[in-house]
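# Structural overview
These are the residues of each chain, in order.
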Amino acid sequence: MQELMMKRASALAVPTNDASVRARLRRLGEPITLFGEREMERRDRLRMIMAKLDAEGQLEKLMKAHEEEEAAASAATEDTEEEMLQYPFYTEGSKALLDARIDIAKYSIVRAASRLQRARRRREDPDEDVDAEMDWVLNQARTLALDCSEIGDDRPLSGCSFSQDGKLLATCALSGVAKLWSMPQVKKVATLKGHTERLTDVTFSPTDNILATASADRTAKLWNTDGTLLKTFKGHLDRLARINFHPSGKYLGTTSFDKTWRLWDVDTGVELLLQEGHSRSVYGLAFNQDGSLAASCGLDSLARVWDLRTGRSILALEGHVKPVLALSFSGNGYYLASGGEDNTCRIWDLRKKKSLYTIPAHSNLISQVKFEPQEGYFLVTASYDTTAKIWSARDFKPVKTLSGHEAKVTSLDVSGDGNCIATVSHDRTIKLWSSSGTEEENRHEMELD
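No experiment lies behind these values; they were computed from the predicted model shown.

### Thoughts on the overall build of the protein
A count of helical and extended segments in the protein gives eight helices and 28 strands. Across the 449 residues that make up the protein, the buried fraction comes to 50%. Summarising the internal contacts of the protein: among those between residues at least 6 apart in sequence, 47% fall at separations of at least 24. Of the roughly 21,600 Å² of accessible surface on the protein, a fraction of 48% belongs to carbon and sulfur atoms.

Below is the structure:
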């Protein structure tokens, strides 16, 4: 009976704006809020109340009686109604969120100016040969080979992340435990225990030697590299999916099956932003290198780009025909890669607001996508078809297939210098793929730098 009620509830249209939810509860003769109740919980309560009334055959009668009142009220207050039509897209934020938006704006302006200045210099300097540099990086990528394979846990692995200096690799597993490994020997140096459910993702801060984990227990946690728990971020109403640090290192983004993604202050642990906008679970989250934009994707087959300085959704990227699970911004500032259950990877040009390339990348769903972090010269995709693949960022043609796992590849990361790729899988192994460049090639790389 409860299952049938849940199905009825999921099919009902419920307002997304909290003021409208409260008004609907009032019209139905229910308390507009319960002690300690949050917005998402209030909306779910309304949904279940409406499902119960619908099952009892009373919903239509109750709603019809109130439609007449609404019609009379709307005729008298047309101007107010027009304002309310806009209201659901905006939610009043806290002072902490305002301060964070100002801080992000200041941070991103400096980073964007530096990126544009560098791009301009590289274009105009006759000694700069970007094509030759990309060719060299792609040739290095072609030499990537399996360098190390290590059992990471006694349960399937779900995430991995290199530290900023490349000296550590973090992994997480369905056992609920995260581990830190020294590089390049892949020797375990710390175990992070504290979550009560399986872990879904792990990521290192881009600025500090700390890392964060996400879990199905609805929390994210912040850790030191010695395994000390620093903070717990609570607020999501369903299990978490992916987690990512803002490039400034000051903020942490989390996605959840409660259909929201949230932004947290790393220092205080305060929830700064609860962002709705997806009709189904939110899965992937990425920040551009300038720090001005965030991109989210989810099981509604949609990717959205958000301006963190204003809070607005500036782009809705439609094209995938199944859930979108992974996103990655390129260092060039305008490419965004997305991958999902339709087995394709799409490359979006933010300048043109459209998809430029659709890569039929794998024979099973794509679990993760990552651009090479320095210049975005190549893209790596991981898939449940047991492989990871490298693609040229010039024309997004295949460069190398990394075969070696015996089960679904769930995540990957690229080291800061682009010379090493880590993959983790349901076969419980961590695999490192390293470049086998010669001394002469390495000397040429130093000259290019």
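So much for the structure itself; the text now carries on.
### Overview of the confidence of the model for the protein
For any part of a model where pLDDT is low, the fine detail of the predicted coordinates should not be relied upon. Here the protein shows a mean pLDDT of 88. Residues at 70 or above account for 87%. Note that residues 76-89 has pLDDT below 50 and, in this model, four contacts with residues that lie over four places away or in other chains. Low pLDDT, under 50, characterises residues 437-449; the stretch is placed with 10 contacts to residues that sit more than four places away or in other chains.

### Description of the sheet that holds strand E1 (residues 145-151)
Spatial ordering of the open sheet is given by E1-E28-E27-E26, a layout of four strands whose pairing is antiparallel. Two strands lie at the open edges of the sheet, namely E1 and strand E26 (409-414), each paired on one side alone. Sheet twist, expressed as the mean angle between neighbouring strand axes with direction ignored, is 20 degrees. Bridge analysis of E26 against strand E27 (residues 420-425) gives five bridges, and the strand direction is antiparallel.

### Describing the pattern of salt bridges
Counted by the stated rule, this structure contains 22 salt bridges. One salt bridge connects Asp153 with Lys179, and the closest N-O pair in it is separated by 3.6 Å. Taken together, the residues Asp153 in the loop between E1 and strand E2 (157-162) and Lys179 in strand E4 (residues 178-182) connect sequence positions 26 residues apart. Owing to a relative accessible area of 6%, Asp153 belongs among the buried residues under this scheme. Residues participating in the shared-partner salt-bridge network are Asp18, Arg22, Glu37, Arg42 and Arg45.

### A look at the UniProt feature "repeat: WD" (unreviewed entry) in the protein
In the numbering adopted here, UniProt assigns the feature "repeat: WD" (unreviewed entry) to residues 192-224, 233-274, 275-316, 317-358, 359-401 and 402-443. Secondary structure within residues 192-224 divides into 0% helix and 58% strand; the distance between the first and last C-alpha atoms comes to 9 Å.

### Section: the packing of aromatic side chains
Taken as a whole, this structure holds six aromatic pairs when the rule is applied. A centroid spacing of 5.0 Å and a plane angle of 75 degrees characterise the contact between Tyr334 and Tyr335, whose relative ring orientation is edge-to-face. With a relative accessible area of 24%, Tyr334 lands in the partly exposed category. Residue classification places Tyr335 among the buried positions, given a relative accessible area of 11%. Cluster of aromatic residues (ring-pair linked, three or more members): Tyr334, Tyr335, Tyr357 and Phe396.

So, how was this worked out
- Residue positions are given per chain, counted from 1 along the sequence in the order it is written.
- With pLDDT at 70 or above as the cut-off, local features in this predicted model cover only qualifying residues; side-chain atom pairs require 80 or more to be listed or tallied, and sums for whole chains, interfaces and linings still use all residues.
- Hydrogens are left out, water is left out, and the side-chain values use all remaining heavy atoms of the structure.
- Going along the chain from the N terminus, every DSSP run of H or I of four or more residues is numbered as a helix, and every run of E of two or more is numbered as a strand.
- Burial classes: relative accessible area under 20% of the type maximum marks a residue as buried, over 50% as exposed, and values in between as partly exposed (1.4 Å probe, protein chains only).
- The criterion used for residue contact is that any of the two residues' heavy atoms lie within 4.5 Å.
- In short, Shrake-Rupley with a 1.4 Å probe defines the accessible areas, and a residue's cover is counted only from the protein chains shown.
- The score called pLDDT rates the predictor's confidence residue by residue, from a low of 0 to a high of 100.
- Pairs of strands are assigned from DSSP output, requiring at least two bridges between the strands.
- In this analysis, axes come from line fits to C-alpha atoms, helices being fitted only over the stretch in contact, and the angle between any two N-to-C directions falls in the range 0 to 180 degrees.
- Definition used for salt bridges: Asp or Glu carboxyl oxygen within 4 Å of a side-chain nitrogen of Lys or Arg.
- UniProt positions are given in the numbering used here, feature names are shortened, and annotations may be inferred rather than shown by experiment.
- Between 30 and 60 degrees the pair is tilted, below 30 it is stacked and above 60 it is edge-to-face, where a pair is any two Phe, Tyr or Trp rings, Trp via its six-membered ring, whose centres lie within 6.5 Å.

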